[in-house]
Structure formats: structure tokens, C-alpha cells
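Topology and contacts: notes
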Amino acid sequence: MKNTKQKDFYDERLHEMLRYKRPHEGKTEHIWVDRFLGKYETEYIDEAAFLIEVPLADGTQSKTIFSCHVDTVHRNEGMQRVKYDRKTQCYFKDDNEPLGADDGAGAWIMLEMIDAGIPGMYIFHRGEERGGIGSSHMASKFGHWLEKFDRAIAFDRRGSSDVITHQGSQRCCSDDFAQALSDALNAHNDELMYVPDDSGVFTDTANYTELIPECTNVSCGYQNEHTGKETLHLPTVFALRDACLTVDWENLPTKRDPKVVEYLDYGYGNKLTGWGSWGSYKKYSTKSANEPLSILDMSRLQMVDLAYDDPETFVAMVREELFGEAIVRTDDNPDEYAWTDDEFYYKNHM
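Report follows, based on the coordinates. (Residues numbered from 1 in each chain as written. Predicted model: local features only at pLDDT ≥ 70, side-chain atom pairs only at ≥ 80, totals over all residues. Heavy atoms only, no water.)

This part covers the packing of helix α3 (residues 101-115) against helix α7 (residues 234-244). Running from N to C, α3 and α7 cross one another at 35°; their axes reach a closest spacing of 10 Å. Crossing handedness for the pair α3 and α7: right-handed. Residues A105, W108, I109, E112 and M113 of α3 lie in contact with α7, whose contacting residues are V237, F238, L240, R241 and C244. When grouped by side-chain class, the residues that make up the contact of α3 with α7 number eight nonpolar, no polar and two charged. (Axes fitted to C-alpha atoms, helices over the stretch in contact; angles between N-to-C directions. Helix = DSSP H or I, 4+ residues; strand = E, 2+ residues; numbered from the N terminus. Left-handed = near helix turned anticlockwise from the far one by under 90°. Contact = heavy atoms within 4.5 Å. Nonpolar A, V, L, I, M, F, W, Y, C, P; charged D, E, K, R; others polar.)

In C-alpha cells, the structure reads:
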């Protein structure tokens, strides 16, 4: 039998970007921004967002916004060790803290696109993990400017196949746009299988849906975000990067009217009013004071809410109730299948 060696995916900038824990307003966030955005002509807007513009070939402004966020959910700032599992081709950590691929992966993709000269307005938002602080400020103070754009594409979605049409049950882009973008991404690589998906929760582009016609969020390869089990699948993020360099962004269809608010109808006889409409945490935590609510009893929106508010509980419930066991990443031989950043030389930038 032929012994084939699986390709290792590696990019020094991506690896280094993930080594910084970046809670909002933390010292490491500022160091990260200076290191990775500092070499570009970057405009800092009201402590809310960093803008880098790549104009069209004729020197005019693109009608496309690309979006990510610079903060992570880490409680503490500082540096961290990042590991790579050759078996799963994933980055991971073993310290029970998040990896920070949410949204280090999206930020890396955008920097790669900037370096390749892909026209667009690149917005690196602050405070997304604190409720979209930066994008909320941008929408409030710079709405007239944002209305000049036709589309806003965020790279801040778990998984490997979603082009989001709804965030928090509210439509954010047209089906035509989502399908066209899915097709354009899939055309680059037979292994990419993007499809429109209406189960989005929240990222910064949700704050722009009443200003910009087509707002979406695209899966960029991470899983189990906000938890110590977070991973980043490198074949996905590399393939997405390559595909993004081929998309004709300016000619994607623009169909949705941002002034028309549309919600998903879950068959309750009325339109829902968004992901916050379910009220307090008790909406999915209990049937009664002593009877826990099973995931099988939840509506789709209740599951989305729980996954956003308490992803560890949600994952644990899915594993226990649907699979009957806890599913964890293990290695038969960690020494054979994993390497750490200690095997590479990096200067300490703190």
C-alpha cells in the first residue's frame, strides 16, 4: 500500500494572528492591531472600526464592504500557544480557552484579499463580541455613508458551507444574492459547498441591514467558537481565501430593499420580531422549575438563541441527547499528529 503524507497547511501570518488573546479594550488587542494593520493606510473611525480601502481599477470607490472584528471572547489578554493537529488539519488549543479563530480567520482572509488588490472597503470592527459596539456606532453615526454601498460581506461564521440570508430571524440579504455568492465561491474549488442558510444569529453586518441592501455572513472554517473546544479547519480557510480572490464582487446581484424588514415565519401565526423576542434566559432553560427542557422540545429559534448565548451548554446537549456520548477531539498518538508553535521561531511582540 502506498504511504501518502497528508499536506500540512501553514501560513506564518495566520499562525501569529491567532497567538494573541484580544479581549475588547485589552492591551493585546491594541498590539495586534498595530502589528497586523499598522503597515496599511488605515483610517481609525471613532474608536469603533479600522478602515482600509482598495479602490476599483478606475480609482473610484467599490460598492462592496468586507467585514470582520478584531476582538475575541478571551477574558484575559496576553499570548497563547496554538497547536496543529495533522490528522484533522485543524488548529486547536489544550488550555480550555477559546482559540480566537472567531474572528482571527476572517481578519486573515481580509488581509490576504487586501494584499491581492481585491477592491472593497475593508472594515475591521471593534467590540463585536460585546454586542456589536463598533458596527452599532458606525450605523448610528455614519449611516448616510454606509448607504452608498450595495453589499456587506462578513467573514465571521462557523462551519464551512453557509452564506447567511437571515440574522436573528431577520432577512439580511436576498436569496438571489446568497445563491450567486455561493455559486461564485464553489466555482473555485470542487470541495467548497456553500449554500444559502437562514440560521444566522449575529455579526456586525446585522447592524447594517436597514442601510445596505445585501448583508451576509460567510462560514470561514472554525467550529465551537466561544469555547475551549474551538478549532479552525485550515483546508477550509485556505480554500475560501483562494475563492475570494476570484469572485466578481461588484457584479453580484442587488435585489433586497433595505427599507423593507422581513422576518422568518416559523409557523406560529405571526412574524417573529428577531432573536431578542424570546425574552429572558428562561425561554429555553426549563419547562418548569424542576424539569429541564430537552433540545428535542426546542423550536429552531430557541436552539439558535441557546447556541449563541451559551454554546457550551448547547453543544453538550446535542452530544448527550442526539449522539448519546461526549464527542471530543483525541489523538491516537499526539506526538505523531501534532506540532506546536514552539517548533518555530517567533519574536515576542509584547
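Resuming the write-up.
Helix length check: α3, at 15 residues, gives a terminal C-alpha distance of 20 Å against a target of 21 Å (1.5 Å per residue), a fit within 8%. G117, located one to two residues past α3, shows a positive phi value of around 75°. (Expected span 1.5 Å × (residues − 1).)

It is worth spelling out the nonpolar core at this point. Y122, F124, F155, L181, L185, L232 and W249 are the most contacted members of the largest nonpolar core, which has 57 residues in total. With nine residues, the top contributor of residues to this core is α3. Excluding residues within four positions of it along the chain, Y122 makes contact with F50, L51, I52, V54, F66, M110, M113 and I114. Core analysis: the second largest hydrophobic core is formed by 19 residues, L51, I65, A139 and C172 among them. (Core = buried A, V, L, I, M, F, W, Y, C linked by side-chain atoms within 4.5 Å. Buried < 20%, exposed > 50% of the residue type's maximum accessible area, 1.4 Å probe, protein only.)

Assignment of secondary structure puts C172 in the loop between β12 (170-171) and α6 (175-186). Look at C172 and you get buried, because its relative accessible area is 0%. Here the alpha-carbon distance between C172 and D198, two residues 26 residues apart in the chain, equals 9.3 Å. Beyond its immediate stretch of four places on either side in the chain, C172 contacts I164, T165, H166, Q167, T209, P213, E214, C215, T216 and R256.

With that out of the way, let us pick up the pairing of strand β14 (residues 214-219). Buried residues dominate β14, accounting for six of its six residues. Both faces of β14 are covered, namely the face carrying E214, T216 and V218 and the face carrying C215, N217 and S219. Alignment of strand β9 (residues 151-157) against β14, held across five bridges, turns out to be parallel. The residue bridging R151 from the neighbouring strand is E214, located in β14. (Pairing = 2+ DSSP bridges.)

In this structure the tally under the stated criterion is ten aromatic pairs. Their ring planes at 45° and their centres at 5.3 Å tell us that W108 and F238 sit as a pair that is tilted. Placement of the pair is W108 in helix α3 and F238 in helix α7, with a sequence separation of 130 residues. Assigned by exposure class, W108 and F238 land together as buried. (Phe/Tyr/Trp six-rings, centres within 6.5 Å; stacked < 30°, edge-to-face > 60°.)

A few words on unusual backbone geometry. Residues apart from glycine generally show negative phi values, whereas peptide bonds are mostly found in trans. The residue after D102, namely D103, is reached through a cis peptide bond having omega 10°. We note that D46 has phi near 50°; this positive angle belongs to a residue other than glycine. With respect to the helices and strands, the residue D46 is situated in the loop between β2 (43-45) and β3 (49-54). For D46, a relative accessible area of 45% puts it in the partly exposed group.

Per the counting criterion, the structure on display carries zero disulfides. C215 carries a free sulfur, and the closest cysteine sulfur to it, the one in C172, is 6.7 Å from it. Judged by relative accessible area, which is 0%, C215 ranks as buried. No disulfide involves C244; its sulfur sits 9.5 Å from the nearest other cysteine sulfur, which is in C220. Exposure remark for C244: the relative accessible area of 0% places this residue in the buried category. (Disulfide = S-S within 2.5 Å.)

Next up on the list: the pattern of salt bridges. A complete count under the given rule lists 20 salt bridges for this structure. For E262, the salt bridge identified is with R171, shortest N-O distance 3.1 Å. Placement of E262 in the loop between α7 and α8 (282-285) and of R171 in strand β12 is noted, with a sequence separation of 91 residues between them. Taking relative accessible area as the criterion, E262 reaches 36% and is therefore assigned partly exposed. Look at R171 and you get buried, because its relative accessible area is 12%. When salt bridges that share partners are traced, they join R13, E112, D115, R241 and D242 into one network. (Salt bridge = Lys/Arg side-chain N within 4 Å of Asp/Glu carboxyl O.)

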